[in-house]
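Listed below, chain by chain, are the residues.
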Amino acid sequence: MGEQKIQKLAGVRGMNDVLPVDAKQWLYLEKILHDLTRAYGYEVLKTPIVEATEVFQRGIGVVTDIVEKEMYSFEDRLNGEQLTLRPEGTAAVVRAVIEHNLLYDGPKRLCYMGPMFRHERPQRGRYRQFHQFGVEALGFAGPDIDVEIIVMGQRLWDELGLRGVTLEINSLGQASERATHRAALVTYFNAHAATLDEDSQRRLLTNPLRILDSKNPVMQEVIEKAPRLLDFLGTDSLQHFTAVQGLLKAHNIPCKINPRLVRGLDYYNLTVFEWVTNELGAQGTIAGGGRYDPLIERMGGKAAPACGWAMGIERVLELMAISGSTPEPESVCDVYILHQGGATLTAAFIAAEQLRSAGIDTILFCAPDGQATSFKAQMKKADASGAAFAVIIGPDELARNEAQIKDLRGQGGQRAVPLPNLLEAMIDALVSASE
Ligand code: HAM
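Please read these numbers as outputs of a predicted model, since none were measured by experiment.

Caption draft 1: Seen up close, the sheet that holds strand β11 (residues 306-312). One open sheet accounts for eight strands, arranged β1-β5-β6-β11-β10-β9-β7-β8; its pairing is mixed. Every interior strand has two partners, whereas the edge strands, β1 (43-44) and β8 (256-257), have only one. For β1 and strand β5 (residues 108-117), the ladder comprises two bridges, and the chain directions are parallel. Residue pairing in the sheet places Glu 43 in a bridge with Leu 110 of β5. Against the sheet, helix α4 (residues 90-99) engages β5 and β6 (129-138), with an angle of about 45 degrees to β6.

Set out below in structure tokens:
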């Protein structure tokens, strides 16, 4: 019998590895997000990836695509608990805010970042594991905070140099207004029942507003002519919406009112919004959010207003690449150290640690087979690393208690320095190279 070939293992469909070459862009984006949230006073809240399924059922609403079809839910084999991989961040943030009584001393501005999971059909811009960055402002009722979070998003797109991003907004009013609108919707859609697909027929009975969310091309004309929620808003809701629009104008942020924008989650009221682009094909929404005043109470907390948004990191990174605003990747290190094993390796090791302690990013050559290779081969690696300088410690250098510093960019010169002076010489060299 011949030996059986061991099969390679593959990742899960729709869940991607972020390779080192792409990770650099992620780190760049994360740094900008970090600075943005600091600039606006948003504090980080980290919640677990797994929550009790009920957090999302109650939070997002049971008659939504996410809860009905897309959640990775399972029973904990050991204790029978019903658990779910989080499909979004808001319900989990609210769960944590209530559990830890974070609103006890007043409103909170929070942010988070991490993987989310939805069992959707994978395609460009749509994954089963994707990453969101989100902000949530809890305990604030006025239109000023709606606008603050929108301004924050706009600043982010500007800083990232994103092209062709449009802000669409709508108001979902309050529950009583939606109830009147719902009755009108049911009458209207009943009259067009023949055009509705199976999902929408069902939703006509459970959650007719969701029908407006349908992307089914056959239904678009009927949806287009459906009664508009905006026409059912009362004075207070209209006032809030007008104030948001006024403040956006004052900030010079153009927006398009989209009466069909209902969002795919059931916790929203009043302002809802999305940033969309035509540059990404079918998955053109890079971020979305809105006000969700009813949610905290619905999740078992003391009623408090709130609003927020979340963006899809993968989609934003793709749009950065399309917009030509992806920065050149930085080199992985400042200095690459070459040696010939034995005592030269020991000296190189000590030198590397010394440079790192001074904040100089240093890679020490490490032979794949444990045997030091020729300097020529090592120098190729040093060049490929993007380091500004190579430090060479061979047996001859070590005998003289010296190291060679070789300029890998600029003039390409090489000079010997006493080993005890290496750090000082390296700092001087890096400073003059950056001038
Ligand atoms: P969402 O609209 O479901 O809202 O998701 C926000 C963003 O996550 C989307 O605009 C999109 O960029 C990205 N996204 C969603 N699904 C996928 C996917 N399958 N693959 C790649 N990217 C995806 C929420 O999740 C709300 N929690 C936002 C919010 C925060 N509302 C208030 N606060």
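What follows continues from the structure just given.
Caption draft 2: Region of interest: the pattern of salt bridges. Evaluation of the coordinates by the stated rule reveals 24 salt bridges. Arg 58 is paired through a salt bridge with Glu 54; the nearest N and O atoms lie 3.3 Å apart. Here the residue Arg 58 and the residue Glu 54 both occupy positions in helix α2 (residues 53-60), the gap between them amounting to four residues, near one helical turn. Classification of Glu 54 as partly exposed rests on a relative accessible area of 45%.

Caption draft 3: A look at the packing of aromatic side chains. Summed over the entire model, instances satisfying the criterion amount to eight aromatic pairs. With 5.4 Å between their ring centres and 75 degrees between their planes, Phe 273 and Trp 275 make a pair best called edge-to-face. As far as the burial class goes, Phe 273 and Trp 275 line up, both buried. Through a chain of ring-to-ring contacts, three or more aromatic side chains come together here, namely Phe 133, Trp 157, Phe 273, Trp 275 and Trp 309.

Caption draft 4: Inspection of the pairing of strand β10 (residues 285-291) at higher detail. A large share of β10 lies buried, amounting to six of its seven residues. Relative to β10, strand β9 (residues 269-277) is paired through six bridges, and the arrangement is antiparallel. Paired with Phe 273 across the two strands is Gly 289, which belongs to β10.

What counts as what
Residues numbered from 1 in each chain as written. Predicted model: local features only at pLDDT ≥ 70, side-chain atom pairs only at ≥ 80, totals over all residues. Heavy atoms only, no water. Pairing = 2+ DSSP bridges. Helix = DSSP H or I, 4+ residues; strand = E, 2+ residues; numbered from the N terminus. Contact = heavy atoms within 4.5 Å. Axes fitted to C-alpha atoms, helices over the stretch in contact; angles between N-to-C directions. Salt bridge = Lys/Arg side-chain N within 4 Å of Asp/Glu carboxyl O. Buried < 20%, exposed > 50% of the residue type's maximum accessible area, 1.4 Å probe, protein only. Phe/Tyr/Trp six-rings, centres within 6.5 Å; stacked < 30°, edge-to-face > 60°.

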